[in-house]
Amino acid sequence: MSTRPPLPPFTEETARQKVQAAEDAWNTRDPERVALAYTEDSVWRNRSEFLTGREEIVAFLRRRWEREQDYALRKDLWTFGGDRIAVRFQYEWHDADGRWWRSYGNELWEFTAEGLMSRREASINDVPIEESERRIRGPRPESERGAGFPLA
């Protein structure tokens, strides 16, 4: 099995690296690339959907990013311990009708010794916003790495 550093047990520094790596990968909107961070049998709960394995993850992400157009994400480390990390996140997107949304959520992650995510549980809420209220416009610039974001 291949490894995906940083590896558990996480320190604050390595947990932040893992969170930033996840943000960077998700902002590519490349389902195959994103899925490589998960075990072959990774278990997900995303809102009310339950998935198992990379194939289901890839199919889910394809559907999601067809619906959530111009998706741009920010993740922030909430806490960590051993082989687990908790994050909060926000992302913005628009639907096919051009209506903008900001999605707020929390994720719980569990990793194997090789650094692959074996479990992901996500709770997400969508809030309609005006285009003028947008604050996330593409991947995070280098100058903003490590910066938090507003709660609301």
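Details of the structure are given in the entry above.
One structure accompanies this document, and this report is about it. (Residues numbered from 1 in each chain as written. Predicted model: local features only at pLDDT ≥ 70, side-chain atom pairs only at ≥ 80, totals over all residues. Heavy atoms only, no water.)

### Re the overall build of the protein chain
Put simply, the test is: Secondary structure follows DSSP: runs of H or I at least 4 residues long count as helices, runs of E at least 2 residues long count as strands, and numbering of each begins at the N terminus. Our radius of gyration looks at C-alpha atoms and nothing else; its globule reference is 2.2 Å times the residue count to the power 0.38. Each residue gets one of three labels from its accessible area relative to the maximum for its type: buried under 20%, exposed over 50%, partly exposed in between, using a 1.4 Å probe on protein chains only. Contacts between residues were defined by any pair of non-hydrogen atoms, one from each residue, lying within 4.5 Å. To be clear on the numbers: accessible area is Shrake-Rupley with a 1.4 Å probe, and residue cover counts the displayed protein chains and nothing else. Counted as positive: Lys and Arg. Counted as negative: Asp and Glu. His and the chain ends are not counted at all. For the purpose of locating charges, the reference atoms are NZ of Lys, CZ of Arg, CG of Asp and CD of Glu.
The number of helices and strands found in the protein chain is three helices and six strands. Walking the protein chain from its N terminus toward its C terminus, one meets helices and strands in the order α-α-β-β-α-β-β-β-β. Taken over C-alpha atoms, the radius of gyration comes to 15 Å for the protein chain, in line with the 15 Å a tight globule of 152 residues would show. Out of the 152 residues in the protein chain, the part that is buried amounts to 46%. The contacts in the protein chain between residues at least 6 apart in sequence include a share of 58% that link residues at least 24 apart. Total accessible area on the protein chain stands at roughly 8,100 Å², and carbon and sulfur atoms take up 50% of it. Charged side chains in the protein chain number 25 positive and 29 negative. The centres of these two groups are separated by 2 Å.

### Comments concerning helix H3 (residues 54-67)
The test is simple: In this scheme, a helix's expected span is set at 1.5 Å multiplied by one less than its residue total. The arc refers to the directions leading from the helix axis to the C-beta atoms.
Over its 14 residues, H3 extends 20 Å from the first C-alpha to the last, a length consistent with the 20 Å expected when each residue adds 1.5 Å. Of all the positions in H3, only Arg54, Ile57, Val58, Phe60, Leu61, Arg64 and Trp65 are classed as buried. Buried residues of H3 fall within an arc of 165° about the axis and therefore sit on the same side. In this structure, H3 carries Glu55 and Glu66 as exposed residues pointing more than 90 degrees from its buried face.

### Considerations on helix H1 (residues 12-27)
Since the α-helix advances by 3.6 residues per turn, residues separated by three or four positions end up pointing in the same direction. Between its first and last C-alpha atoms H1 spans 23 Å; for 16 residues at 1.5 Å apiece the expected length is 22 Å, and the two agree. Burial in H1 covers these residues: Thr14, Ala15, Lys18, Val19, Gln20, Ala22, Glu23, Ala25, Trp26 and Asn27. Arg29 sits one or two residues past H1 and shows a positive phi near 55°.

### Details of the pattern of salt bridges
Note the following rule: Salt bridge, as applied in this entry: a Lys or Arg side-chain nitrogen positioned within 4 Å of an Asp or Glu carboxyl oxygen.
A complete count under the given rule lists 18 salt bridges for this structure. The partner of Glu23 in a salt bridge is Arg140, and the shortest N-O contact between them spans 2.7 Å. With a gap of 117 residues between them, Glu23 in helix H1 and Arg140 in the segment after strand E6 (117-129) connect regions that are remote in the sequence. One exposure class covers both Glu23 and Arg140, and it is buried. Between Arg47 and Asp126 there is a salt bridge, with its nearest N and O atoms 2.8 Å apart. Of this pair, Arg47 sits in the loop between strand E1 (38-46) and strand E2 (49-52) while Asp126 sits in strand E6, and the two are 79 residues apart along the sequence.

### Quick notes on the sheet that holds strand E3 (residues 69-81)
As a reminder, the rule being used: Strands were regarded as paired on the criterion that DSSP finds at least two bridges between them. To obtain an axis, a line is fitted to C-alpha atoms, over the contacting stretch when the element is a helix, and the angle between two such axes runs from 0 to 180 degrees between their N-to-C directions.
Read from one edge to the other, the open sheet built from six strands follows the order E2-E1-E6-E5-E4-E3, with strand pairing classed as mixed. At either end of the open sheet lies a strand with only one pairing partner, and these are E2 and E3. Strand after strand, the sheet turns through a mean of 20° between neighbouring axes, direction not considered. Here E3 pairs with strand E4 (residues 84-94) via 10 bridges, running antiparallel. When the bridges of E4 are listed, Leu77 appears paired with Val87. Lying on the sheet, H1 is in contact with E1, E3, E4, strand E5 (100-111) and E6; it crosses E3 at an angle near 165°. Those strands touched by H3 are E1, E2, E3, E4 and E6, and its axis lies near 45° from that of E1.

### What to know about the nonpolar core
Basically, it comes down to this: What we call a nonpolar core is a set of buried Ala, Val, Leu, Ile, Met, Phe, Trp, Tyr and Cys residues that are connected through their side-chain atoms within 4.5 Å.
In terms of nonpolar packing, the biggest core is built from 30 residues, with Trp26, Trp44, Leu61, Ile85 and Trp109 touching the most fellow members. Breaking this core down by element, the ones donating at least two residues are H1, helix H2 (31-35), E1, H3, E3, E4, E5 and E6. Ignoring any residue separated from it by four or fewer positions in sequence, one finds Trp44 in contact with Trp26, Tyr38, Glu49, Phe50, Leu51, Ile57, Phe60, Leu61 and Arg120.

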